[in-house]
Amino acid sequence: MTGIALAQGDTSAKPQTSLQQIYLEKLAGVLGISQDQLVNDLKTAGQQTVDTAVSEGLITADQGQKMKQEIAEGRFPGLHGMFDPEDSHPGMRGLHNLDAIASALGMTPQQLTQEFKNGKSLQQLATEKGLSLDQIKESIIKAVKSKLDQEVAQGKISQDKATQILNHLQQLDLTKFPNHVK
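Residues numbered from 1 in each chain as written. Predicted model: local features only at pLDDT ≥ 70, side-chain atom pairs only at ≥ 80, totals over all residues. Heavy atoms only, no water.

Engineer: Explain the packing of helix H3 (residues 35-55) against helix H4 (residues 61-72) to me, and be specific about the residues and the numbers.
Structural biologist: Two packed helices can be described by the angle between their axes and the distance between those axes. Two elements in contact, H3 and H4, have axes whose closest approach is 9 Å; the angle formed by their N-to-C orientations is 180 degrees. Taken together, H3 and H4 sit at an angle that is classed as roughly antiparallel. Only Ala-61, Gly-64, Met-67, Lys-68, Ile-71 and Ala-72 of H4 make contact with H3, whose side of the interface consists of Lys-43, Gly-46, Gln-47, Val-50, Asp-51 and Val-54. The residue makeup of the contact of H3 with H4, split by class, is six nonpolar, three polar and three charged. (Axes fitted to C-alpha atoms, helices over the stretch in contact; angles between N-to-C directions. Helix = DSSP H or I, 4+ residues; strand = E, 2+ residues; numbered from the N terminus. Parallel < 35°, antiparallel > 145°, perpendicular 65-115°, else oblique. Contact = heavy atoms within 4.5 Å. Nonpolar A, V, L, I, M, F, W, Y, C, P; charged D, E, K, R; others polar.)

Rendered as structure tokens:
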């Protein structure tokens, strides 16, 4: 709840909080459960995921503990990254790919967010710019691949992890991209 309170006083953080809230609300509706149940289930799955990642050596115990603390506080690292255009880690944290989407549309992330606030969908914006959603997805993949290649070269992530992230992005369905912001 601290993040929401802080976001209310910080207009730059407001779209992230609003998009995450909308996402959770919509996901709960699609799954036919309450938002409280969804959050509890996300926490449980998040804690289990961190435990598995630690046991398999994907992350350190210290990293796992920090992530578990964030999850317990209701901050979900994967969801946070989906809606944070300032997030610098590509891929799984990455429908921060607002940068890549905005770039493909010839806009800034702020302009894209404003268009969503004005009620336009990603499909409408793509059509206005003479692009398909597949072209936008390819732009995202290209931008993320470039960042991942740098991270692999610098030893920040493994090639396997980079490939996993790119494979995940190949499955991205932009028709389900949140298309409005409160």
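Engineer: Talk me through H3; I want residue IDs and the actual numbers.
Structural biologist: The end-to-end C-alpha separation of H3 is 30 Å, in line with the 30 Å expected for 21 residues at 1.5 Å each. Here H3 has its buried residues at Leu-38, Gly-46, Val-50 and Ala-53. On an axial view of H3, the arc spanned by its buried residues comes to 100 degrees, and they lie on one face. Facing away from the buried side of H3 by over 90 degrees, the exposed positions are Asp-36 and Ser-55. Just downstream of H3 lies Gly-57, where phi reads positive at about 75 degrees. (Expected span 1.5 Å × (residues − 1). Buried < 20%, exposed > 50% of the residue type's maximum accessible area, 1.4 Å probe, protein only. Arc of directions from axis to C-beta.)

Engineer: Hey, could you go over a nonpolar patch on the surface for me, with residue numbers and the actual values?
Structural biologist: A contiguous nonpolar patch, built from Val-30, Leu-31 and Ile-33 and spanning about 280 Å² of accessible area, is present on the exposed surface. Assignment of secondary structure puts Leu-31 in helix H2 (residues 14-31). (Patch = residues over 30% accessible without salt bridge, like charges linked within 9 Å, V, L, I, M, F, W, Y side chains within 5 Å. Areas by Shrake-Rupley, 256 points an atom, 1.4 Å probe, with all protein chains shown as cover. Salt bridge = Lys/Arg side-chain N within 4 Å of Asp/Glu carboxyl O.)

Engineer: For the nonpolar core, give the residues involved together with the corresponding values.
Structural biologist: Nonpolar side chains in soluble globular proteins tend to end up buried together. Within the largest apolar cluster, 24 residues are counted, with the highest numbers of intra-cluster contacts made by Leu-105, Leu-112, Leu-122, Ile-136 and Ile-140. Every element with two or more residues in this core is listed here: helix H6 (98-104), helix H7 (109-117), helix H8 (122-128), helix H9 (133-153) and helix H10 (159-170). Top contributing element to this core by residue count: H9, with six residues. Sequence-distant contacts of Ile-136, that is, excluding residues within four places in its chain, are made with Ile-101, Ala-104, Leu-105, Leu-122, Ala-126, Leu-131 and Leu-174. (Core = buried A, V, L, I, M, F, W, Y, C linked by side-chain atoms within 4.5 Å.)

Engineer: Tell me about H9, and name the residues and values.
Structural biologist: The terminal C-alpha atoms of H9 lie 30 Å apart, and with 21 residues this matches the ideal 30 Å at 1.5 Å per residue to within 8%. What H9 keeps buried is the set Leu-133, Ile-136, Lys-137, Ile-140, Ile-141, Val-144, Leu-148 and Glu-151. Looking straight down H9, one finds its buried side chains confined to an arc of 135 degrees; they lie on one side. Across from the buried face of H9, at angles greater than 90 degrees, the exposed residues are Lys-142 and Ala-153. Residues of H9 that are buried in the fold lie against H6, H8 and H10. At the C-terminal side of H9, Gly-155 shows a positive phi close to 75 degrees.

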